[in-house]
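Topology and contacts: notes
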Amino acid sequence: RGTMVQRLTYKRRHCYNTKSNAVKIIKTPGGKLTFQYAEKKRSAAKCGDCGVKLSGIPVVAPKTMRTLKKRQRKVSRAYGGSRCHTCVRQRIVRAFLLEEKKIVKAVQRAQKAKTTKKSK
């Protein structure tokens, strides 16, 4: 014969085993078994370009994120809290190289115009 098991009932929400109603059975100091409600796992903020986890930004629920101070929600850098440092660096380098390319093309055009004038 098996021993009797203490029955447990949910204390809040509904009686279904869903993600939002996750519980753990614990024993109280009085020796009774009871449910301890577990918080939902939160996902970390990810980089919009490469999808890597953003460092320096807390892993909290969106509601809690809104209540945080601005300095806690983002990193003090261009695209802070949205893009990782690697992607920001790539963007800066890409923009710089595009500008350099435009300058080089303008210089080449000017030299070409100069040589065509001289040859005429």
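Residues numbered from 1 in each chain as written. Predicted model: local features only at pLDDT ≥ 70, side-chain atom pairs only at ≥ 80, totals over all residues. Heavy atoms only, no water.

Quick look at the pairing of strand β2 (residues 33-37)
As paired elements, strand β1 (residues 23-27) and β2 share 5 bridges and run antiparallel to each other. Within the sheet, the bridge partner assigned to I26 lies in β2 and is T34. Between the antiparallel neighbours β1 and β2 lie 5 residues, among them G31 with a positive phi of about 95°. (Pairing = 2+ DSSP bridges. Helix = DSSP H or I, 4+ residues; strand = E, 2+ residues; numbered from the N terminus.)

Focus: unusual backbone geometry
A positive phi angle, near 60°, is found at Y79, a position not held by glycine. With respect to the helices, strands and loops of the structure, Y79 is situated in the loop between α2 (70-73) and α3 (85-119). On the basis of relative accessible area, Y79 is assigned to the partly exposed category, the value being 45%. (Buried < 20%, exposed > 50% of the residue type's maximum accessible area, 1.4 Å probe, protein only.)

A look at the pattern of salt bridges
Evaluated as defined, the whole model comprises 3 salt bridges. The partner of R91 in a salt bridge is D49, and the shortest N-O contact between them spans 3.3 Å. Residue R91 is found in helix α3, and its partner D49 is found in the loop between β2 and α1 (62-67); the two are separated by 42 residues along the sequence. For R91, a relative accessible area of 26% gives the class partly exposed. When salt bridges with common partners are traced through the structure, they connect D49, R83 and R91 into a single cluster. (Salt bridge = Lys/Arg side-chain N within 4 Å of Asp/Glu carboxyl O.)

Quick notes on a nonpolar patch on the surface
On the surface, V93, F96 and L97 cluster together into a nonpolar patch covering about 290 Å² of accessible area. Inspection of the secondary structure assignment puts F96 in helix α3. (Patch = residues over 30% accessible without salt bridge, like charges linked within 9 Å, V, L, I, M, F, W, Y side chains within 5 Å. Areas by Shrake-Rupley, 256 points an atom, 1.4 Å probe, with all protein chains shown as cover.)

Some details on the environment of R77
Following the sequence through the fold, R77 ends up in the loop between α2 and α3. Residues R77 and V88, 11 residues apart in the sequence, show an inter-C-alpha distance of 9.0 Å. Discounting chain neighbours no more than four positions away, the residues touching R77 are R83, C84, H85 and V88. (Contact = heavy atoms within 4.5 Å.)

Here's the deal with a positive patch on the surface
Where like charges cluster on the molecular surface, the positive patch consists of R12, R13, K19, K40 and R42. With respect to the helices, strands and loops of the structure, R13 is situated in the segment before β1. R13 sits in the exposed class, given a relative accessible area of 55%. (Lys, Arg positive; Asp, Glu negative; His and termini not counted. Charge placed at Lys NZ, Arg CZ, Asp CG, Glu CD.)

Topic: the packing of aromatic side chains
One pass over the full model with this rule turns up 1 aromatic pair. The positively charged end of R91 is found above the aromatic ring belonging to Y79, 4.6 Å away from the centroid. (Phe/Tyr/Trp six-rings, centres within 6.5 Å; stacked < 30°, edge-to-face > 60°. Lys NZ or Arg CZ within 6 Å of the ring centre and 35° of its normal.)

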